[in-house]
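These are the residues of each chain, in order.
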Amino acid sequence: MVILFCYRYNALLFSIKTSLIDLQKGIKGLVVMSAELEEIFICVYDGRVPSGWLKAYPSLKLLGSWTRDLMARVDHFSHWAETTHPPLFFWLAAYTFPTGFLTAVLQ
């Protein structure tokens, strides 16, 4: 189960990294600013989370608090993956679908 979460968040982190690198190149004029890059630029400027980044888990938080939340989630799951033992306490808010997680635990 933890592997699925790690895969999801690794894909999200890769997507964020590549889009920010492309955005830097677009601002410098090295690549053409696509509609997606322009949306990311406007959202970052306004402090909102770009819609492409919300595919991993939906949130209404602003960019700063969303980023802190994402870092906490990644830390939670990476610690679980490193120790290969389930934690004593589960942070249910970190799971995209906590009901599904609880059902899996009961089974």
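Refer to the structure above for everything that follows.
Nothing here was measured: the structure is a model prediction, and the numbers come from that model.

Chemist: Any chance you could explain the overall build of the chain here in plain terms?
Modeler: Within the chain, the regular secondary structure consists of four helices and zero strands. When the helices and strands of the chain are read in sequence order from the N terminus, they spell out α-α-α-α. For the chain, with 107 residues in total, the buried portion stands at 26%. A fraction of 35% describes how many contacts in the chain between residues 6 or more apart in sequence connect residues 24 or more apart. Within the structure as shown, the chain displays about 7,500 Å² of accessible surface, and the carbon and sulfur contribution to it stands at 66%. Between the mean site of the 9 positive side-chain charges and the mean site of the 8 negative ones, the chain shows a separation of 2 Å.

Chemist: Honestly, the pattern of salt bridges in this entry has me stumped. Any pointers?
Modeler: Any two side chains of opposite charge can pair, on the condition that their charged atoms come close. Counted by the stated rule, this structure contains three salt bridges. In this structure, the salt-bridge partner of Asp46 is Arg48, at a minimum N-O distance of 3.3 Å. What makes Asp46 partly exposed here is its relative accessible area of 44%. For Asp69, the salt bridge identified is with Lys61, shortest N-O distance 3.8 Å. Taking relative accessible area as the criterion, Lys61 reaches 41% and is therefore assigned partly exposed.

Chemist: Help me out: how do you make sense of the side chain of His76 in this one?
Modeler: Within the secondary structure, His76 is located in helix H3 (residues 63-83). If we skip the residues at most four places from it in the chain, His76 touches Pro87, Phe89, Trp91, Ala94 and Tyr95.

Rules used throughout
Residues numbered from 1 in each chain as written. Predicted model: local features only at pLDDT ≥ 70, side-chain atom pairs only at ≥ 80, totals over all residues. Heavy atoms only, no water. Helix = DSSP H or I, 4+ residues; strand = E, 2+ residues; numbered from the N terminus. Buried < 20%, exposed > 50% of the residue type's maximum accessible area, 1.4 Å probe, protein only. Contact = heavy atoms within 4.5 Å. Areas by Shrake-Rupley, 256 points an atom, 1.4 Å probe, with all protein chains shown as cover. Lys, Arg positive; Asp, Glu negative; His and termini not counted. Charge placed at Lys NZ, Arg CZ, Asp CG, Glu CD. Salt bridge = Lys/Arg side-chain N within 4 Å of Asp/Glu carboxyl O.

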